[in-house]
Amino acid sequence: MTNDNAIFNAAIKMANQAIELDRNKQFDAAADKYLSASETLYDFAKFCKNSKLKALAIDKAKQYFKRAELLTNMSKKKIKVPSGGKGPSSKKRTKDERDENKTDDEEQEEITDEEKELRKVIDGTIITERPKETWDDVAGMEIPKQAIREAVVLPMAHPELFTGARKPWRGILLFGPPGCGKTLLAKAAANECGVKFFAADSASLVSKWLGESEKLLKTLFKVARLDAPSLIFMDEIDSIAGKRGSGNEGGGERRLKTQFLQEMQGVKSESDKLVTVMAATNLPWQIDSAVLRRFEKKIYVGLPSIEGREKIFELCTKGVEKDDTVDFKALAAATEGYSGSDISTICREVVMLPVRELDVSGRLTDGDDTINVRPIRQEDFLNVMKFIKPVVSKEEIKRFEEWRDEYGG
Ligand SMILES: Nc1ncnc2c1ncn2[C@@H]1O[C@H](COP(=O)(O)OP(=O)(O)O)[C@@H](O)[C@H]1O
Ligand SMILES: [Mg+2]
């Protein structure tokens, strides 16, 4: 408890500094302090057992956040807006300008002032940039790729093909062991279909925006509908859609999940606006069954095949000189059970080896201009592979496969 109090006091101290700076018209610095105070209070509230204190902390956190936002806007800067992530298009502007004559049917959905503010928050917390990953960056995975093409890429590129009974999937769940390319796949899909993309990391949605996360989620879907066709990607969905009564579910989390269910329902029932929700999880069995049902299409993203592994070795050593002992086929054959991210870790070690050797021998600090970096060799890979073992166990894979057999994918 004393520890908690220390956090609370630290937040109040930050807030007082912010107020002081604010008074002295040092708005940028004040905004930073308000923001830190607000985040600290949200963190505090998350673990605070005393409900009154918790409510107070959240209340204060909101106030400070608002003030930070106002100050940042005043100085014509936005809070952590990712570059190019201003959210969509000119539609938004006309929306601000319009009032009485709502002819455009896009206007049906009103955005309130509060939501306008939240929209700004969305611009700041949810990545809306078009990802740079393409299909070519994803090795193997022909089945998941094809499934995603049918589910997302084609309906968005050719809506005319998806009429009548041929309806696009609205909810797609990518599941499988960690490090096998779910996030990568989602990004590539978003890039390929070229629609508005919202990437929300569910864990931070919960922790950072405690108290506000429901509203944020609601606004996220609203904005996505306004900007349709669009794709929402919710990574690590298990953190907001856990099973009922799975222990750590508080009232806030339950409400957030309910909100999510409602939004998913809305996405399904609106036929004219194509909003697709793609989610990913390493823990499919922890997901509430009602949420699972909303994801009509489930796609298993498992360990890479031997061809996939060969390609990942290739991708992860691109642009680095290799001698002719390097044999990706042999490496792929020797890495059964390794995930894509295991292989990427191996490659990062390997490509660093020649540089490390030079550094250790002191030649990088000699001031010698003619530094020759040796090419990487097969034995580098073999040496590194002695130390880097697969992260995912056979038992875990079995659990995923059993789940897949039961739920599809
Ligand atoms: N099929 C693949 N092709 C290329 N790289 C991969 C593949 N699978 C995994 N990787 C590598 O592993 C990293 C982690 O993958 P990620 O998409 O985050 O996995 P997940 O979301 O399933 O946990 C990627 O950034 C990439 O470097
Ligand atoms: Mg991931």
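Worth saying up front: this structure is predicted, and the values here are computed from it rather than measured. (Residues numbered from 1 in each chain as written. Chains lettered and ligands numbered in written order. Predicted model: local features only at pLDDT ≥ 70, side-chain atom pairs only at ≥ 80, totals over all residues.)

Caption draft 1: Up close: the overall build of the protein chain. Across its full length, the protein chain carries 16 helices and 5 strands. For the protein chain, with 409 residues in total, the buried portion stands at 37%. (Helix = DSSP H or I, 4+ residues; strand = E, 2+ residues; numbered from the N terminus. Buried ≥ 20, exposed ≤ 12 C-beta atoms within 10 Å, placed from the backbone.)

Caption draft 2: Up close: the pairing of strand S4 (residues 275–281). Of all 7 residues in S4, 7 are buried; the element is thus mostly enclosed. Across the two faces of S4 the burial is the same, with Val275, Val277, Ala279 and Thr281 and Thr276, Met278 and Ala280 all buried. Pairing between strand S1 (residues 171–175) and S4: 5 bridges, direction parallel. Paired with leucine 173 across the strands is alanine 279, a residue of S4. Where strand S3 (residues 230–235) lies against S4, 5 bridges are found, and the strand directions are parallel. By the bridge assignment, serine 230 is partnered in S4 with valine 275. (Pairing = 2+ DSSP bridges.)

Caption draft 3: The site of ligand 1, seen in detail. Residues in contact with ligand 1 amount to 20 residues; listed here are only the nearest, Gly181, Lys182, Thr183, Gly340 and Ser341. Those elements that provide at least two residues to the shell around ligand 1 are helix H7 (182–193), helix H12 (306–316) and helix H14 (340–360). For the shell around ligand 1, the class distribution of residues is 11 nonpolar, 8 polar and 1 charged. (Near = placed C-beta within 6 Å. Nonpolar A, V, L, I, M, F, W, Y, C, P; charged D, E, K, R; others polar.)

Caption draft 4: Focus on the nonpolar core. Formed by 68 residues in total, the largest nonpolar core has its most connected members in Leu174, Ile232 and Phe233. The biggest single contributor to this core is helix H9 (residues 213–226), with 7 residues. Residues from two domains meet in this core; each of domain 2 (109–300) and domain 3 (306–391) gives at least three. Each residue touching leucine 174, except ones within four places of it in the same chain, is listed here: Lys182, Leu185, Ala186, Met278, Ala280, Ile299 and Val301. Grouped together as the second largest cluster of nonpolar side chains are 21 residues, Ala15, Cys48, Ala57 and Phe65 included. (Core = buried A, V, L, I, M, F, W, Y, C linked by C-beta atoms within 7 Å. Domains from an automatic or database assignment. Contact = placed C-beta atoms within 7 Å.)

Caption draft 5: Region of interest: the packing of H12 against H14. The N-to-C vectors of H12 and H14 enclose an angle of 40°; their axes lie 9 Å apart at closest approach. When the axes of H12 and H14 are compared, the pair comes out oblique. In the crossing of H12 with H14, the sense of the turn from one axis to the other is right-handed. On the side of H12, the interface is formed by Arg309, Ile312, Phe313 and Cys316, while H14 contributes Gly340, Ile343, Ser344 and Cys347. (Axes fitted to C-alpha atoms, helices over the stretch in contact; angles between N-to-C directions. Parallel < 35°, antiparallel > 145°, perpendicular 65-115°, else oblique. Left-handed = near helix turned anticlockwise from the far one by under 90°.)

Caption draft 6: Fine view of the sheet that holds strand S2 (residues 196–201). Here we have 5 strands laid out as an open sheet, ordered S2-S3-S4-S1-S5, and parallel in their pairing. Sheet topology places S2 and strand S5 (297–300) at the edges, where each strand pairs with a single neighbour. Between one strand axis and the next, the sheet turns through 20° on average, direction left out of account. Note: S1 against S5, 4 bridges, orientation parallel. Looking across to S5, one finds that isoleucine 172 is bridged to lysine 297. Where helix H6 (residues 142–157) meets the sheet, it contacts S1, S3, S4 and S5, and its direction lies at approximately 155° from that of S5.

Purely geometric stuff here, so don't read any function into it on its own.
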